Amino acid sequence: MNPRWIGHTVERVDGVEKVTGASRFTADLKFPRLLHAFVIRSPHPHARVLDVRMKKAAKASGVRAVATGREFPFHTGIYLKDQTVFATDRVRFVGDPVAALAAETPEEAAAAAALVEVDYEPLEPIFDAPAGIAPGAPLVHPDLGRYECVPWITPKAGTNICNHLKVRKGDYEGVLARCARVVENVFEVPQVQHVPLETHVSVAHVDLTGKIEVHTSAQSPFTVRHLLCACFSLPHGDVSVNVPAVGGGFGGKAGINLEPIAVALAMVARGRWVRVLVDRVEEFYATVVRQGLTATMVTGVDRNGKVQAQKMHYLWNCGAYGGYGVNVVRAAGYTCGGAYEFPNVWGDSIGVYTNRPIGSAYRGFGMQEIHWALEQQMDIVAHEIGIDPVEFRLLNCLGPGKSTVTGQVLDEHAGRPDTCIERVAATIGMKPDRPRTRYRGKGIACAVKAPAMPNDASSSVVLKFAEDATLEVLLSGIDYGQGLKTIAAQFAAEALDLPMERVRVRGNPDTDLSPYDWQTVASRQTWATGNAIFKAGAELKRQLFAMAAQVLEVPPGELECRNGEVVHPPTSRTIPLPRLVMGYQFPDGHTIGGPVAAAGAFVPEGLLHLHPETSQSAKPVAKWTFGAQALEVSVDPETGRYEVERVAACYDVGRVVNPGLIAGQTYGGVVQGLGTGTMEELVLDRRSGRVVNASLMDYKIPTSEDVPKEIAVSYVETPQADGPLGARGIGEHTMIPTPAALANALYDACGIRIKGLPITAEKVLAALKEERTGHRAQGAGKKEPEKEEVGTR
Amino acid sequence: MRKKIKLRVNGVEERHEVEVNETLLDFLRDTLDLTGTKEGCNEGECGACMVLLDGKAVNSCLVLAVEANGREVTTVEGLADGPRLHPVQRAFLEHSAVQCGFCTPGMIITAVGMLNENPEPSEADVRRAMSGNLCRCTGYRQIIDAVLEAAKAMRTGVAREGVAR
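Definitions and cut-offs
Residues numbered from 1 in each chain as written. Chains lettered and ligands numbered in written order. Predicted model: local features only at pLDDT ≥ 70, side-chain atom pairs only at ≥ 80, totals over all residues. Heavy atoms only, no water. Helix = DSSP H or I, 4+ residues; strand = E, 2+ residues; numbered from the N terminus. Rg over C-alpha atoms; globule rule 2.2 N^0.38 Å. Buried < 20%, exposed > 50% of the residue type's maximum accessible area, 1.4 Å probe, protein only. Areas by Shrake-Rupley, 256 points an atom, 1.4 Å probe, with all protein chains shown as cover. Lys, Arg positive; Asp, Glu negative; His and termini not counted. Charge placed at Lys NZ, Arg CZ, Asp CG, Glu CD. Contact = heavy atoms within 4.5 Å. Core = buried A, V, L, I, M, F, W, Y, C linked by side-chain atoms within 4.5 Å. Pairing = 2+ DSSP bridges. Axes fitted to C-alpha atoms, helices over the stretch in contact; angles between N-to-C directions. pLDDT = per-residue confidence, 0-100. Expected span 1.5 Å × (residues − 1). 1 Å grid on protein atoms, 1.4 Å probe; cavity = no way out; pocket = protein on both sides within 12 Å on 5 of 7 lines; lining within 4 Å. Points joined across faces, edges and corners; volume = space filled by probe spheres on them. Nonpolar A, V, L, I, M, F, W, Y, C, P; charged D, E, K, R; others polar. Parallel < 35°, antiparallel > 145°, perpendicular 65-115°, else oblique. Left-handed = near helix turned anticlockwise from the far one by under 90°. Salt bridge = Lys/Arg side-chain N within 4 Å of Asp/Glu carboxyl O. Polar contact = N/O pair within 3.5 Å; in protein donor to acceptor, adjacent residues only side chain to side chain. Buried area = accessible area lost by both parts, 1.4 Å probe.

Chemist: So what about the overall build of chain B? Which residues, and what values?
Modeler: Along the backbone of chain B there are five helices and five strands. Secondary structure elements of chain B occur, N-terminal to C-terminal, as β-β-α-β-β-β-α-α-α-α. In terms of C-alpha radius of gyration, chain B reaches 16 Å, essentially the compact-globule figure of 15 Å for 165 residues. Projecting the C-alpha coordinates of chain B onto the three principal axes gives extents of approximately 45 × 30 × 30 Å. In chain B, buried positions account for 56% of the 165 residues. Entry remark: accessible area of chain B is about 6,600 Å², with carbon and sulfur atoms responsible for 46%. Each charge sign in chain B was given a centre, from 20 positive and 24 negative side chains, and these centres are 3 Å apart.

Put into structure tokens, the structure is as follows:
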């Protein structure tokens, strides 16, 4: 089959609306007599809430609604319901919502908020995951044992552990003892923030019948509806959730966020629209962030350079609530070995509550963090045993016939990490015998990720024709930049062989009218929605051909769709689609068929739960996407400043659907990866528990001046067995390996190892001094000794 | 305190009474419903609210509406000539330089403002000029390429036909 639309750079179908300013985002929508909310947030990282007094605020000018945990003690959270709409008995981080009010103007809301009185009894906070699991640590959630939770998450009552996934494969300890070399290292990742350009915003309304309408900047309208209904004990039929254009999400708008606060206020101010809009400062500390990680790696390797035993201990700093983050912990567990085949594995992924901002989903879902540790560890081991890092990776990486940490044996459809490694190494020029220049280096890192989702996560679409045979595609996946609407248009046009301009994608879902979709997360939309479109397309063709077969008096099996017509190739007779799509009328006036429309659905098949003690499973996830990045860096030894000059990225995506869009995903991921790699960290004042850099002034993200001169992207196309025309996900994978590749390049350039993100010039300079003097220097930020602890055990 | 202002916005004369502390951004979005101009930080750090004030790109969150009195404002809505897109808008589409689209209006305005002053920018010029406009999606590569391409198209006068649906 020679596709007409797949594999071509089709212009974004929502491009014109975006470049003209016509796109409406949630904050652009106009609502009559809109009330403006103000959320009263905890100033303490950990405190008992003794009393919340709203009386004065409620009487203030313009105030129409007040709400606290007294009236709304309801629990929420996607996998573990550990959070309430407003704090009830305690607050767990600086920013925890304690109450909210809604007033006629933002100014009146802010003035009234100053009149809210809250009595707190401060409690001892914990900020670090290791402190959180220490004996006698204060409990962030004393009620942990009583929270509702999905069966595959294992919170430990009486501790701060919100989830613990164990991977046990082979005989780790026995084999480690016989390994030629054993290498141990500790790596750290701080909390970072998503920084979508559009901050979180939700608008809610409760009408006089009790029907609730929500307009929100979210990645997952149906999951928002489902969780709102669970939270407020409502039937799904009484809640509609609408998502207009979304200004970036990166996981931060997955699950449920501000919506319950907006709904609570709207319930009080019945008949009025209420908007909760967080400003940039609140976005940084009071919405959600990426979890921190402390990773301890032990690798046992044989004389040939094959890893025989591998231990991974991932300790996650989940912050105050783990509703979503518990599944990051889980995903990091069953993917703990990254892109490598380790025959004997001891893996632990442990989520720990602390009194920090809420850890949640972030592009990569734990994978960049664990790859930061794993990909440096592999590099260190390769250097220790004197094997070239590229060769070492090719020797140990996964691929067809190899077995993952959960014992899944990959088949020929799983993708080729080896090809990706070879390609980026060639692009950057990583031959072992290459000439070396001091302070100039090259590094490589692999990446892998599977969609982390419940086994029954599904997508559906509706395809229907307008009277002129314009094909309308209704879907509920969110196009928040990745290009889903365009990809969907390409798939639909391909399925029916239509000109692109005859397809209209109706995204911006309304749960009352749109087909179900679980969530736009996990790099799953091209694959899941794409499959649903082809299924619906096949059904449309069946309906069209059944009608046309009667008209042309031929078997339906001989008919085809070609460029907006049904064609009978043996006789070259055609019927234009507009004659068919509303039913076909014969010359005598009688009509057959009717409006042509179809639904299509997709749910992955054959997924099997993990074994509760060992996590072994023959098919724990629907698909894997492998890739690799290599980059070249030059270092200024006087200042520690460095420049990433060239990056090469290669992924096995199964099928490139749209080269322009996939390049955009890759450039974007690489640069976001360089952001976490080089500059991003939420800094906490340990005395007050406040985030001290909660603004774009103090928390820098990459700008156009930080982009490497060259980013070379390429793709391998090993078809995914259950992918639409073989396609698999790519959105998240592009930012996974970048920081580790950078760290490895810095080692190659000047022999320094930075084990804590981000790699600031200050850390590089300190490490260079350490390297020169051979002494430990203050300021490198990490407590590990300069040299890796290497020894034969 | 309120004050009367008169200004031209996208070529149309507007007369309104505004609070003296109202920003140009809020005036454009709330009073004129020109919501193409976005609020990303309200402190001049992100560039999502860029508009042209007498042809020069400014953060409209840092300008008071009263300061625009007697002046000419162009927002992203005012760039296209009917269905014909501005060459910068056209180039953004052709280079896949748009993702979520929230930064896009500000990016395009900044590019147009820069090209007004410097019709022959180098890549370094473009990077510098756009560095006040944050984008979290694209990694900037295709944006930089689009602006360079638009500059070329505008210089050669081959303003290519762009048809908005």
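Chemist: Tell me about the overall build of chain A, and please be specific about residues and values.
Modeler: Across its full length, chain A carries 17 helices and 33 strands. For chain A, the C-alpha radius of gyration of 27 Å lies close to 28 Å, the compact-globule estimate for 793 residues. By principal-axis analysis of the C-alpha atoms, chain A measures approximately 95 × 70 × 50 Å. Counting all 793 residues of chain A, 66% fall into the buried class. Within chain A, contacts between residues separated by at least 24 positions form 79% of all contacts whose residues are at least 6 apart in sequence. Positive and negative charge centroids in chain A, built from 82 and 88 side chains respectively, lie 2 Å apart.

Chemist: Can you tell me about the nonpolar core, naming the residues and giving the values?
Modeler: Tyr314, Leu544 and Ile759 of chain A together with Phe92 of chain B are the most contacted members of the largest nonpolar core, which totals 273 residues. Counting residues per element, this core draws most heavily on helix H14 (residues 525–552) of chain A, which supplies 13 residues. Look past the residues within four positions of Ile759 of chain A in its chain and what remains in contact with it is Trp372, Tyr642, Gly677, Thr678, Pro739, Leu742, Ala743, Leu746, Ile754 and Val764 of chain A. Judged by nonpolar contacts, the second largest core, of 20 residues, contains Ala47, Val52, Ala60 and Ala99 of chain A.

Chemist: Can you tell me about the sheet that holds strand E1 (residues 2–9) of chain B, naming the residues and giving the values?
Modeler: Residues and elements named next belong to chain B. The mixed open sheet is built from five strands, whose spatial order is E2-E1-E5-E3-E4. A single partner strand is all that each edge strand has here, and the edge strands are strand E2 (12–19) and strand E4 (56–59). Taking each pair of neighbouring strands and ignoring which way they run, the sheet shows an average axis angle of 40 degrees. Inspection of the sheet shows E1 paired to E2 by eight bridges, in the antiparallel sense. Paired with Arg8 across the bridge in E2 is Glu13. Along the sheet, helix H3 (residues 104–117) makes contact with strand E3 (50–53), E4 and strand E5 (72–74), crossing E3 at roughly 35 degrees.

Chemist: Go over the environment of Ser96 of chain B with me, naming the residues and quoting the values.
Modeler: Mapped onto the secondary structure, Ser96 of chain B falls in the loop between helix H2 (87–94) and H3. Each C-alpha atom of the pair Ser96 of chain B and Ile108 of chain B lies 13 Å from the other, and the pair is twelve residues apart in sequence. Not counting residues up to four positions away in its chain, the partners in contact with Ser96 of chain B are Thr9, Gly660 and Leu661 of chain A together with Gln142 of chain B.

Chemist: Account for the sheet that holds strand E21 (residues 459–465) of chain A, with residues named and values stated.
Modeler: Residues and elements named next belong to chain A. A sheet is described by the order of its strands in space; here four strands give the open sequence E23-E22-E21-E29, paired in mixed fashion. Two strands in the sheet have a free side with no partner beyond their single neighbour: strand E23 (503–506) and strand E29 (597–602). Strand-to-strand, the axes of this sheet are offset by a mean angle of 20 degrees, without reference to chain direction. As defined by bridge partners, E21 adjoins E29 across six bridges and the pair is classed as antiparallel. Paired with Leu463 across the bridge in E29 is Ala598.

Chemist: Hey, could you go over the confidence of the model for chain B for me, with residue numbers and the actual values?
Modeler: Across chain B, the average pLDDT comes to 95, with 95% of residues at or above 70. Note on residues 159–165 of chain B: pLDDT under 50 across the span, and 17 contacts to partners over four residues away in sequence or across chains.

Chemist: Lay out helix H16 (residues 738–750) of chain A in plain terms, naming residues and giving numbers.
Modeler: Between its terminal C-alpha atoms H16 of chain A stretches 19 Å, which fits the 18 Å expected from 13 residues at 1.5 Å a residue. Trailing H16 of chain A by a residue or two, Gly751 of chain A shows a phi angle of about 75 degrees, which is positive.

Chemist: Describe the layout of surface pockets, with residues and values.
Modeler: Within this model, the largest pocket holds a volume of roughly 1,500 Å³. Taken together, 49 residues form the lining of the largest pocket, with His36, Pro106, Arg275 and Leu277 of chain A together with Glu39 of chain B sitting closest to its centre. Within the residue set of the lining of the largest pocket, elements represented by two or more residues are strand E1 (35–41), helix H3 (106–113), strand E14 (274–277) and helix H8 (280–286) of chain A together with E2 and helix H1 (24–31) of chain B. In terms of residue count, E1 of chain A provides more of the lining of the largest pocket than any other element does, six residues in total. When grouped by side-chain class, the residues that make up the lining of the largest pocket number 23 nonpolar, eight polar and 18 charged.

Chemist: Account for empty space enclosed by the protein, naming residues and giving values.
Modeler: Residues and elements named next belong to chain A. Taken as a whole and judged by the stated rule, the model has nine cavities of 30 Å³ or more. One number sums up the size of the largest cavity: a volume of about 610 Å³. Lining the largest cavity are 41 residues; nearest its centre among them are Gln482, Ser523, Gln665, Gly731 and Glu732. Going through the elements one at a time, helix H13 (484–496), H14 and helix H15 (659–678) are the ones with two or more residues in the lining of the largest cavity. For the lining of the largest cavity, the element with the highest residue contribution is H15, accounting for three residues. Along the lines of polarity and charge, the residues of the lining of the largest cavity split into 19 nonpolar, 16 polar and six charged.

Chemist: So, the packing of H2 of chain B against helix H5 (residues 141–155) of chain B: which residues are in play, and what are the values?
Modeler: Residue and element names in this part refer to chain B. Orientation of H2 relative to H5, taken along the N-to-C sense of each, is 135 degrees, at an axis distance of 8 Å. One way to sum up the angle between H2 and H5 is to call them oblique. Our pair here, H2 against H5, has a crossing hand that is right-handed. Where H2 approaches H5, its residues Pro87, Val88, Ala91 and Phe92 are matched on the opposing element by Ile143, Ala146, Val147, Glu149, Ala150 and Met154. Of the residues belonging to the contact of H2 with H5, the class tally is nine nonpolar, no polar and one charged.

Chemist: Tell me what's going on with the side chain of Lys763 of chain A, and back it up with residues and numbers.
Modeler: All names here are of chain A. Take Lys763: it is sitting in helix H17 (residues 761–773). Although Lys763 is buried, it makes no salt bridge; Glu681 carries the closest opposite charge, 5.1 Å away. A distance of 2.8 Å separates a polar atom in the side chain of Lys763 from the backbone oxygen of Pro758.

Chemist: Tell me about the interface of chain B and chain A, residues and numbers included.
Modeler: Chain B puts 45 residues into the contact, and the matching count from chain A is 53 residues. Interface of chain B and chain A: buried area, both sides summed, is about 4,100 Å²; carbon and sulfur atoms make up 56% of it. If you look at where chain B meets chain A, you find seven salt bridges. One salt bridge connects Asp28 of chain A with Arg29 of chain B, and the closest N-O pair in it is separated by 2.8 Å.

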